[in-house]
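# Structural overview
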Number of protein chains: 4
Amino acid sequence: MAAEAALISVVPTNNQNHNPEKRPGRPRSDKSREAILDATRKMLMHTPLRDISIEAVAKRAGVGKTTIYRWWPHKAALVMEAFLAQPGLQNILPTTPTADDALKVQLEKLIRQLRGQNGRIVANIIAEAQAEPEALALLNKSFMNERVENLRRHLSQGKDEGLFHAYLDIEMAIDQLLGPVFYRLLTNNDALDERFNAHYPEQAVNTLKA
Amino acid sequence: MAAEAALISVVPTNNQNHNPEKRPGRPRSDKSREAILDATRKMLMHTPLRDISIEAVAKRAGVGKTTIYRWWPHKAALVMEAFLAQPGLQNILPTTPTADDALKVQLEKLIRQLRGQNGRIVANIIAEAQAEPEALALLNKSFMNERVENLRRHLSQGKDEGLFHAYLDIEMAIDQLLGPVFYRLLTNNDALDERFNAHYPEQAVNTLKA
Amino acid sequence: MAAEAALISVVPTNNQNHNPEKRPGRPRSDKSREAILDATRKMLMHTPLRDISIEAVAKRAGVGKTTIYRWWPHKAALVMEAFLAQPGLQNILPTTPTADDALKVQLEKLIRQLRGQNGRIVANIIAEAQAEPEALALLNKSFMNERVENLRRHLSQGKDEGLFHAYLDIEMAIDQLLGPVFYRLLTNNDALDERFNAHYPEQAVNTLKA
Amino acid sequence: MAAEAALISVVPTNNQNHNPEKRPGRPRSDKSREAILDATRKMLMHTPLRDISIEAVAKRAGVGKTTIYRWWPHKAALVMEAFLAQPGLQNILPTTPTADDALKVQLEKLIRQLRGQNGRIVANIIAEAQAEPEALALLNKSFMNERVENLRRHLSQGKDEGLFHAYLDIEMAIDQLLGPVFYRLLTNNDALDERFNAHYPEQAVNTLKA
DNA sequence: GGGTAACCGAGACGGTACGTCTAGTCTTTAA
DNA sequence: TTAAAGACTAGACGTACCGTCTCGGTTACCC
């Protein structure tokens, strides 16, 4: 909960003393927070998520374990904040004239983001989320939803414009667009290659057309 | 390796005395092997994969830990052999007259297999495999490949018969058929419901048609 | 190191609040420490040292294994602190008028201490120390040295008083006094009997006289 | 039991076919026996006895574990046969004219034998014997007794000749001669140095004199 | 020369303990 | 009055050995 909040709002830290809501007691150490996120990021570079322990993060960050447990409910929450908040994973999309173009661009962007090291980490986060229902929700909220929402909006728009069948099931269409990407990510990590990126988005969007 | 072999070929045991190649030393105990697989299966019923320890399996099976480590390289390998070799997970498909029907039936069968408890276990195996490259390969070999191969065969057949476009990319079509199913399995476990099963297979196959 | 220190100096515990240097974090639990030493002592009553496992001590003391490993480097260190710190093993000697009497009394006390159950345990500690150089040093520091030092002092005093030869080699004399006692302890445990105690100390001291 | 016999009598092997007592069945392999003893000797060079496992000896000797367990009841028995039977540890003493000289020579020989690497091993055997009563008996039989017996004989002889007091307690005298040597061996391995060897035997024997 | 008996190697077996690591929790001092 | 530090119980990890067992095979003898 604290972590979820942290992902979308401002975290109270001790160097933001202009913060109007002054709670009593010792303020949260911003230095510790950064050290923890940094340590997490660095360990994610060369270690599968499953083999990263809170203990190891705490040691590397020079921080007590409790400090981590107080602010993040799971390993997954910590990793999501450390990883997904970094630049390059923001889902800023150019405005495109047509709905089908918008869908294509979204898919291309996603495939590029899920390539290589980053893709491995996302796959590991999805894996971690299998055993932690709250983490699954958090994953959706902090990564999936914005992308899904974007697809939904343009699918709806395309439907209105007559680009897609009037009886198109939008939710299923979303899964048809995203499914193959994540399927490849999770069962064959090398498969999100340039060739796939060059052909898949266009073809996937076309099959939806009227 | 021993485990992989076990999944596809005959395991050398002391009750299969027709086995011509007798190695020196005490032969592997078939009784222990069965006890281990049984214990694993039973624990999978009510415990998430991550919370099943080799130690607990050994204790429940009345077996030394070493016996497990000797024959299975990972928890994932053990679980796959225990779980996927179950009767209900065999991929026996009825012969169908047409290629599109065959694809539809395969998808329906898969969705039914991945529903409920079993689906959760498969999702956990896929998750486990993310951190264990060998396990990923084993997953493909022992579960994915036969299903993929079946799809590939019928896609090829349908292409020859003119049912699908002559320039259909078969590998991509496979991912388009399977992707949404596993995507739902891993990001929204309740989504493989009856409604999905009633509409998805048909629609997915239809979008491939010429 | 922590253990060695514990044997000769004050252990920091939470009931010794006069301790000026308070470090942050939860202080060492004195309750656990006592439980561990108690469990060790009780097990030593009926089990040879070699067959006492850290695991069993932890279980009996209701304590995590780590807690033991955190504070004692070896089984030998633990056992020495548990056993040698017992009341009956303190080397409190009466003041005696003459040097030869002092030596005699020290030897008699030692023989009585090494008799029966206690002797077996000391023999086992010496045995354990053969494979663990640090333990050998600790044994000397926590048991041998005070006794040796006492002998050395009185031998020196007796030499000054003309009771012993002026050219008496004190270090060798110490070994001549102690050697037979430990030799019997280690090669024939029943030999430290009343008869030995009645005759040996007097005779051994007499042979040193001028 | 087999091992004890082996130390003092002829071991039945397949190359001693003149042996009158021919039992049925395959005879003991002399090659394996030698390989085991060799391996043990080599490992004793650089490893403390406690850290030598039967398993490792068997592997190094290219022999089944059962073969070792069949012929030696303990690790201690194996080690004693391997180590004490080697040349240089035989207690062959020159004939000396006088009893006190004989005692001196025996002590010097012993000190030289217990120096360095060999001394460490004997100390380890004594240590091992503390937890294994049978091993203690075997140690006495195969190493101590011959030396003790030799001392006893010459002490008795010296007593008869008037060299020692008529009321000398021979058993105690033996312990007084040997004790300091083993005491140094077990509590301060560096102490059996040249200086000790040069002075101790003479002085120790002299203190017994009338 | 065909049993029969005791040995051999190999190696799997049920166990126990190792010493380390991690999970979460609890109890202090520091800010 | 909250944050942070660090000791706590609990228990799994994967490895090493224990001593036993079960094989196929070997090497003697005895009839």
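The preceding data block contains the structure.
All of the points below concern the structure found in this document. This structure is a prediction, so every number in the text was calculated from the model and none was measured.

Calculation rules
Once a new chain begins, its residue numbering starts again from 1 and follows that chain's sequence as written. Here chains are named by letter from A upward and ligands by number from 1 upward, in the order in which they appear as written. The model is predicted, so local features are restricted to residues of pLDDT at least 70 and side-chain atom pairs to those at 80 or more, both for listing and for counting; the totals for chains, interfaces and linings are taken over all residues. Side-chain metrics rest on all non-hydrogen atoms present in the structure, leaving aside hydrogens and water. To qualify as a helix, a DSSP run of H or I must reach at least 4 residues; to qualify as a strand, a run of E must reach at least 2; elements of each kind are numbered from the N terminus. Expected helix span is given by 1.5 Å per residue-to-residue step, counting one fewer step than there are residues. For each residue, the accessible area found with a 1.4 Å probe, counting protein chains only, is set against the maximum for its type, and the residue is called buried under 20%, exposed over 50%, and partly exposed in between. What sets the superposition is a least-squares fit of C-alpha atoms, and only residues with pLDDT of at least 70 in both copies go into it. The contact definition used throughout considers only heavy atoms, calling two residues in contact when any of these lie within 4.5 Å. Two parts placed together each lose some accessible area; with a 1.4 Å probe, that loss summed over both constitutes the buried area. One side-chain nitrogen of Lys or Arg within 4 Å of one carboxyl oxygen of Asp or Glu is enough to make a salt bridge. Within 3.5 Å is the distance limit for a polar contact, defined as a pair of N or O atoms, with the added protein rule that one can donate a hydrogen and the other accept it, and that residues adjacent in sequence qualify only through two side-chain atoms. Here the nonpolar group is Ala, Val, Leu, Ile, Met, Phe, Trp, Tyr, Cys and Pro; Asp, Glu, Lys and Arg are the charged ones; every other residue, Gly included, is treated as polar. One heavy atom within 4 Å of a molecule or strand makes the whole residue count as near it. Only Phe, Tyr and Trp rings are paired, with Trp represented by its six-membered ring, and only when their centres lie within 6.5 Å; those with planes under 30 degrees apart are stacked, over 60 edge-to-face, the remainder tilted. In this analysis the charged atom, NZ for Lys or CZ for Arg, is taken to sit over a ring once it is within 6 Å of the ring centre and within 35 degrees of the ring normal.

Before going further, it helps to examine helix H7 (residues 116–130) of chain A. Compared with the 21 Å implied by 1.5 Å per residue over 15 residues, the 22 Å span of H7(A) between its first and last C-alpha is a close match. With respect to burial, H7(A) is a largely interior element, twelve of its 15 residues being buried.

As a further point, take the relation of the copies chain D and chain C. Between chain D and chain C, which share one sequence, the superposing operator has a rotation angle of 180° and an axial displacement of 0.0 Å; the RMSD is 0.2 Å. Each copy turns onto its partner about a two-fold axis. Taken together, the interface assignments show that 97% of the residues at the interface of chain D recur at the interface of chain C, consistent with an identical surface on both copies.

This part covers the interface of chain D and chain C. Taken together, the contacts link 37 residues of chain D with 36 residues of chain C. Summed over both sides, the interface of chain D with chain C buries roughly 3200 Å², with 55% coming from carbon and sulfur. When the buried surface of chain D facing chain C is broken down by residue, Gln130(D), Met172(D) and Tyr183(D) rank first, second and third, together holding 22% of it. Applying the counting criterion to the chain D and chain C interface returns eight salt bridges. Across the chain D-chain C interface, the total number found is twelve residue pairs in polar contact (both at pLDDT 80 or more). Residue assignment for the side of chain D that touches chain C shows that the elements contributing at least two residues are helix H7 (116–130), helix H8 (133–160), helix H9 (170–187) and helix H10 (194–208) of chain D. A total of 13 residues in the side of chain D that touches chain C trace back to one element, the largest contributor, which is H9(D). When grouped by side-chain class, the residues that make up the side of chain D that touches chain C number 18 nonpolar, ten polar and nine charged.

Relative to chain A, chain B is turned by 178° and slid 0.1 Å along the rotation axis, the superposed coordinates differing by an RMSD of 0.5 Å. Of the residues that chain B buries at the interface, 100% are likewise interface residues in chain A, meaning the two copies contact each other through the same surface.

Take the side chain of Asp100(B) next. Residues and elements named next belong to chain B. As for its position among the elements, aspartate 100 is in helix H6 (residues 99–113). Among the polar contacts made by the side chain of aspartate 100, one reaches the side chain of threonine 98 at a distance of 2.7 Å. In this view, aspartate 100 contacts Leu163, Val205 and Lys209; residues no more than four positions away in its chain are not counted.

Our next topic: the protein's contact with DNA strand F. Near DNA strand F lie 46 residues; those nearest to it are Arg26(A), Lys65(B), Tyr69(B), Thr67(C) and Arg26(D). Taking all atoms of DNA strand F within 4 Å of the protein, the share assigned to sugar and phosphate is 59%. At 2.6 Å, a side-chain N or O of Tyr69(B) approaches a phosphate oxygen of DNA strand F. Contact between DNA strand F and Arg26(D): a base nitrogen at 2.6 Å from a side-chain N or O atom of the residue. Residue assignment for the surface near DNA strand F shows that the elements contributing at least two residues are helix H4 (65–71) of chain A, helix H3 (54–61) and helix H4 (65–71) of chain B, helix H4 (65–71) of chain C together with helix H3 (54–61) and helix H4 (65–71) of chain D. Ranked by residue count, the leading element in the surface near DNA strand F is H4(C), at five residues. Tallied by class, residues from the surface near DNA strand F come to twelve nonpolar, 18 polar and 16 charged.

Turning our attention to the packing of aromatic side chains. Inspection of the entire model under this criterion finds eight aromatic pairs over all chains. Ring geometry for Phe196(B) versus Tyr200(B): centroids 4.8 Å apart, planes at 10°, classification stacked. Note that Phe196(B) and Tyr200(B) are positioned in helix H10 (residues 194–208) at a spacing of four residues, about one turn of the helix. When its relative accessible area of 1% is taken as the criterion, Phe196(B) is described as buried. Taking the ring centre of Phe143(D) as reference, the NZ or CZ of Arg147(D) above it sits at 3.9 Å.

A few words on the interface of chain B and chain A. Each partner contributes residues to the interface: chain B has 36 residues there, and chain A has 37 residues. Taken over both partners, the interface formed by chain B and chain A buries close to 3100 Å², and the fraction arising from carbon and sulfur atoms is 55%. If you sort the residues of chain B by the area they bury against chain A, Gln130(B), Met172(B) and Tyr183(B) come out on top, with a joint share of 22%. Between Arg50(A) and Glu128(B) there is a salt bridge; the shortest N-O distance is 2.8 Å. Between chain B and chain A we count eleven residue pairs in polar contact (both at pLDDT 80 or more) in total. Of the residues that constitute the side of chain B that touches chain A, the class distribution is 17 nonpolar, ten polar and nine charged.

Remember that the coordinates give geometry; whether it matters functionally is a separate question.
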